[in-house]
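Given next are the chains, with one letter for each unit.
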Amino acid sequence: MIRKKIIITTGILLIIGILTIVYGVTKGWFNKKSKASGTPTVLLRVDPIPVQIAENNTFSYTLKANPNQNLNIIGYLLTINFDNAKVQITSIEYKTGVISQDLGQDTSNKDTVNQLGKINIQAEISTAQGELLLQNTDVNLVTISGKALITGIPQLLIDNFKLYQINSDSTLTEVSGGVGEFSTSSSSSQSSSSGSVASSSSSSEQSSLSSSSSNASTSSSSSQESVKVVIKIKYRMQGVLNWIANQSALTKLKILKNGVEIDNDSISFIASLSSDYLWHGQFEQRLVPSNDYVFLVKPDKHLQRKVCSLSGRDSSTLYDCGENTITLSSNTTDLDLSGLTFFAGDITGEQGIADGKVDSLDYVMIQLIIQNNTGKDPTKVAKADLNYDGIVDTQDASLIIEVWEKGINQDEK
Ligand SMILES: [Ca+2]
Ligand SMILES: [Ca+2]
């Protein structure tokens, strides 16, 4: 009898145990391990959770970030949208890092902020080594205070949250953050869950820079013979206003014939700065004489431009080639791009190399060099001296802002 009871009790306990494990698995109790693995994610929340505020009463919320692993950051950015008919902002205080000049907004910008219903938060860490955010620990980023114009729950909608992590090899990684436990508002609050490091796939930079073979003619059906063409090119870089002798820039070039890139060959040549503030260089290529060529030219640290006439114009904006193409027929051709400005700033991307975009990663890299006081270090000059004056400083940073102000941020294709 007693033995029977023991067997039954053991059986029941066993079933309860199994059910508990099954329940635990479905609830993800045992998933903790995967959380600490590779991909950094950062959750952002508003503290306290907004509740109803009576008309003319004030509120103050702190944005708290919480990473899933230790992260050494050197900056962050995010956008906060709000309904300016319901809420007015009275102060914006940075709790981690300091505002990035010309990019971020704080209390001194509250008029603009209230007019647009939008706050751009962008901060950088002012110490050279960055700031360590500890795993699973809240850190206060920004405190936003304001006043309710009508009774209701203030809704601050956060968008585009990113942090910049500095790695041990001093490359940067962009960590896109997620927004969690956020406000009460329906739509945008929970939409973006956990973020991850965007791993930009292939990079054009990785392709070899070997200068070109010669079999352009073999590819197409054309029966025409290819001829050796020497192309002499001159172009202008944004912000290069002084002539310093012996400045040179690796310049990459792709040739499109009838819209198709020839042979996938990367051509590169070294251009030299001359006293006319123009960069001069030349390259040779065997080409079939034809009237349907287009060039893609990308000087080091600059955005690529599409060139579809032998004398480029239209310097300050992006342009569309339309039907225009280049005719190549003679053995020597001058490509005079002095009217065309090459926009500066593409120095880095996710993998630490130029990625065809001028974005905040490029900007942060320059800020980092300035903060670290390594602007004269030859490797930094080679990497990030955009105006070729021998030092990485705020002038280089402001060239990037100039490019953004033109609404340009990527290679022309
Ligand atoms: Ca870039
Ligand atoms: Ca410079």
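Residues numbered from 1 in each chain as written. Chains lettered and ligands numbered in written order. Predicted model: local features only at pLDDT ≥ 70, side-chain atom pairs only at ≥ 80, totals over all residues. Heavy atoms only, no water.

## A look at the coordination of the calcium ion (ligand 1)
For a metal with four donors in a tetrahedral arrangement, the ideal angle between donors is 109.5 degrees, while six donors in an octahedron ideally sit at 90 or 180 degrees. Only Asp 346 (OD), Thr 348 (O), Asp 355 (OD), Lys 357 (O), Asp 362 (OD) and Asp 362 (OD) from the protein reach the calcium ion (ligand 1) as donors, at distances of 2.3 to 2.6 Å. Linear spacing of the donor residues for the calcium ion (ligand 1) on their chain is D-x1-T-x6-D-x1-K-x4-D. (Donors = N, O, S within 2.8 Å, 3.2 Å for Na, K, Ca; no water.)

## With respect to the coordination of the calcium ion (ligand 2)
With distances of 2.2 to 2.6 Å, the protein atoms coordinating the calcium ion (ligand 2) are Asp 385 (OD), Asn 387 (OD1), Asp 389 (OD), Ile 391 (O), Asp 396 (OD) and Asp 396 (OD). Each donor residue of the calcium ion (ligand 2) belongs to the same chain, with the gaps between them written as D-x1-N-x1-D-x1-I-x4-D. Among the residues examined, Ile 391 registers a relative accessible area of 24% and is labelled partly exposed. (Buried < 20%, exposed > 50% of the residue type's maximum accessible area, 1.4 Å probe, protein only.)

## What about the sheet that holds strand S1 (residues 42–47)?
Two pairing modes exist for strands in a sheet, parallel and antiparallel, and in both the strands are linked by backbone hydrogen bonds. Strand order across the open sheet formed by five strands is S4-S8-S2-S1-S11, with mixed pairing between neighbours. Each having just a single partner strand, strand S4 (87–94) and strand S11 (178–179) make up the two edges of the open sheet. Pairing analysis gives two bridges linking S1 to S11, with the strands arranged parallel. Across the sheet, Leu 43 pairs through a bridge with Gly 178, a residue of S11. (Pairing = 2+ DSSP bridges. Helix = DSSP H or I, 4+ residues; strand = E, 2+ residues; numbered from the N terminus.)

## A closer look at helix H7 (residues 394–405)
Over its twelve residues, H7 extends 16 Å from the first C-alpha to the last, a length consistent with the 16 Å expected when each residue adds 1.5 Å. Buried residues of H7: Asp 396, Ala 397, Leu 399, Ile 400, Ile 401 and Val 403, and no others. Against helix H5 (360–371) and helix H6 (378–384) lie the buried residues of H7. Backbone nitrogen of Gln 395 and a side-chain oxygen of the N-cap are separated by 3.0 Å at the start of H7; the cap is Asp 393. Looking one or two residues beyond H7, the residue adopting positive phi is Gly 407, at roughly 75°. (Expected span 1.5 Å × (residues − 1). Contact = heavy atoms within 4.5 Å. Polar contact = N/O pair within 3.5 Å; in protein donor to acceptor, adjacent residues only side chain to side chain.)

## Some details on H5
For H5, built from twelve residues, the straight-helix expectation of 16 Å at 1.5 Å per residue is met to within 8% by its first-to-last C-alpha distance of 16 Å. Most of H5 is tucked away, with ten of its twelve residues classed as buried. Of the positions making up H5, those classed as buried are Ser 360, Leu 361, Asp 362, Tyr 363, Val 364, Met 365, Ile 366, Gln 367, Leu 368 and Ile 369. At its buried positions, H5 is contacted by strand S3 (71–81), strand S6 (118–124), strand S9 (157–166), strand S10 (172–176), H6 and H7. Asn 373, located one to two residues past H5, shows a positive phi value of around 60°.

## Some thoughts on the packing of H5 against H7
Relative orientation and spacing of two packed helices are given, respectively, by the angle between their axes and the distance between those axes. At a minimum axis separation of 9 Å, H5 and H7 run at an interaxial angle of 165°. One element, H5, and the other, H7, form an angle in the roughly antiparallel class. As H5 packs across H7, the resulting crossing turns out to be left-handed. Residues Ser 360, Asp 362, Tyr 363, Ile 366, Gln 367 and Ile 370 of H5 form the contact with H7, whose participating residues are Thr 394, Asp 396, Ala 397, Ile 400, Ile 401 and Trp 404. In terms of residue class, the contact of H5 with H7 is built from seven nonpolar, three polar and two charged. (Axes fitted to C-alpha atoms, helices over the stretch in contact; angles between N-to-C directions. Parallel < 35°, antiparallel > 145°, perpendicular 65-115°, else oblique. Left-handed = near helix turned anticlockwise from the far one by under 90°. Nonpolar A, V, L, I, M, F, W, Y, C, P; charged D, E, K, R; others polar.)

## As for the pattern of salt bridges
Under the criterion given, the structure shown has eleven salt bridges. Between Lys 162 and Glu 174 there is a salt bridge whose closest N-O contact spans 3.6 Å. With Lys 162 in strand S9 and Glu 174 in strand S10, this residue pair connects regions lying twelve residues apart in the sequence. Overall, the relative accessible area of 11% leaves Glu 174 in the buried class. For Lys 228, the salt bridge goes to Glu 284, with nearest N and O atoms at 3.8 Å. Remark: Glu 284 occurs in strand S16 (residues 279–287) and Lys 228 occurs in strand S12 (residues 227–237); sequence separation between them is 56 residues. Several salt bridges share partner residues, and in doing so they unite Arg 45, Asp 47, Lys 64 and Asp 138 into one network. (Salt bridge = Lys/Arg side-chain N within 4 Å of Asp/Glu carboxyl O.)

## Topic: the side chain of Gln 304
Considering the arrangement of structural elements, one finds Gln 304 in the loop between strand S17 (290–299) and strand S18 (305–307). From its side chain, Gln 304 meets the backbone oxygen of Glu 412 in a polar contact 2.8 Å long. In this structure Gln 304 touches Lys 254, Leu 296, Val 297, Lys 298, Asp 411, Glu 412 and Lys 413, once residues within four positions along its chain are discounted.

## Section: the environment of Val 227
On the secondary structure map, Val 227 appears in strand S12. For Val 227 and Asn 331, which are 104 residues apart along the polypeptide, the C-alpha to C-alpha distance reads 7.2 Å. Residues contacting Val 227, with those up to four places away along its chain left out, are Gln 285, Arg 286, Leu 287, Pro 289 and Asn 331.

## Thoughts on the nonpolar core
Membership of the largest hydrophobic core comes to 35 residues, with the highest contact counts inside it found for Tyr 76, Leu 78, Ile 80, Ile 92, Ile 119, Ile 121 and Ile 144. In terms of nonpolar packing, the next biggest core, distinct from the first, is built from 29 residues, Ala 249, Ile 262, Val 307 and Tyr 388 among them. (Core = buried A, V, L, I, M, F, W, Y, C linked by side-chain atoms within 4.5 Å.)

## Remarks on the environment of Ala 65
Locating Ala 65 in the fold gives a position in strand S2 (residues 58–67). Considering only alpha carbons, one finds Ala 65 and Val 46, 19 residues apart in sequence, at a separation of 9.0 Å.

## Notes on unusual backbone geometry
In this structure, the amide linkage connecting Asp 47 to the following residue, Pro 48, adopts the cis form with an omega of -5°. Within the secondary structure, Pro 48 is located in the loop between S1 and S2. Even without being a glycine, Asn 56 presents a positive backbone phi close to 70°. Summarising the element assignment, Asn 56 is placed in the loop between S1 and S2.

## Examining the packing of aromatic side chains
Scanning all chains against the criterion turns up five aromatic pairs. Ring centres 5.2 Å apart and planes at 25° place the aromatic pair Phe 59 and Tyr 61 in the stacked group. For the pair Phe 59 and Tyr 61, a shared accessibility class is recorded, and that class is buried. Ring centres of Tyr 363 and Trp 404 lie 5.8 Å apart, and the angle between their planes is 40°; this geometry places the pair in the tilted category. (Phe/Tyr/Trp six-rings, centres within 6.5 Å; stacked < 30°, edge-to-face > 60°.)

Honestly, it's all geometry; don't read function into it.
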